Amino acid sequence: MKTCLTHALHLFDAYSDMADEEQSAALAVLRRTDPILHDALVHLLVTDALDHEMDVPPWSIHAPGTSMPGDDAPDGETAQPAGGLARHA
């Protein structure tokens, strides 16, 4: 089974880049010729198509109700660091 999964991983990019109709036809042929490889590849394609918890922009990962440094600064400005590290002329 390990070699089947390896083969499915090698086919994944080609199949995921296909248009829906082309992919469907290619999967139908694969299902007839190698049902185990077909199932492994379909599993990879379906898993890839699902939304994943980590498929979000990095700035929206922090929990609701918590703030990130600089959240309260106006757009285009950065918040001054705490502790009076600002430089005076």
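Let me sum up the structure you'll find in this document. What you are looking at is a predicted structure, and each value in this text was computed from that prediction instead of being measured.

**Looking at the nonpolar core**
Residues C4, A8, F12, Y15, A26, L27, L30, L37, A40, L41, L44 and L45 constitute the largest nonpolar core, which totals 12 residues. Among the secondary structure elements, those contributing two or more residues to this core are α1 (2–16), α2 (20–33) and α3 (35–49). Looking at this core element by element, the count peaks at 5 residues for α3. Not counting residues within four places of it along the chain, the set of residues in contact with A40 comprises C4 and A8.

**Description of the packing of α1 against α3**
Close contact between α1 and α3 brings their axes to 9 Å; oriented N to C, the two are set at 55°. In this view, α1 runs oblique relative to α3, as classed from their interaxial angle. Handedness of the α1/α3 crossing: right-handed. Contact residues: α1 offers C4, L5, H7, A8, L9, L11, F12, Y15 and S16, while α3 offers I36, L37, A40, L41, L44, L45 and D48. Residues of the contact of α1 with α3, tallied by class, amount to 13 nonpolar, 2 polar and 1 charged.

**Observations concerning the environment of L27**
Within the fold, L27 resides in helix α2. Taking relative accessible area as the criterion, L27 reaches 13% and is therefore assigned buried. Spatially, the C-alpha atoms of L27 and L37 are 9.9 Å apart, while their sequence positions differ by 10 residues. The contacts of L27, once residues within four sequence positions are left out, are Y15, H38, L41, V42 and L45.

**Observations regarding α2**
Compared with an ideal rise of 1.5 Å per residue, which puts 14 residues at 20 Å, α2 spans 20 Å between its outermost C-alpha atoms and is within 8% of the ideal. Among the residues of α2, those classed as buried are Q23, A26, L27 and L30. End-on view of α2: buried residues confined to an arc of 100°, all on one side of the axis. Exposed and oriented more than 90 degrees from the buried face of α2 are E21 and R32.

Cut-offs applied
Residues numbered from 1 in each chain as written. Predicted model: local features only at pLDDT ≥ 70, side-chain atom pairs only at ≥ 80, totals over all residues. Heavy atoms only, no water. Core = buried A, V, L, I, M, F, W, Y, C linked by side-chain atoms within 4.5 Å. Buried < 20%, exposed > 50% of the residue type's maximum accessible area, 1.4 Å probe, protein only. Helix = DSSP H or I, 4+ residues; strand = E, 2+ residues; numbered from the N terminus. Contact = heavy atoms within 4.5 Å. Axes fitted to C-alpha atoms, helices over the stretch in contact; angles between N-to-C directions. Parallel < 35°, antiparallel > 145°, perpendicular 65-115°, else oblique. Left-handed = near helix turned anticlockwise from the far one by under 90°. Nonpolar A, V, L, I, M, F, W, Y, C, P; charged D, E, K, R; others polar. Expected span 1.5 Å × (residues − 1). Arc of directions from axis to C-beta.

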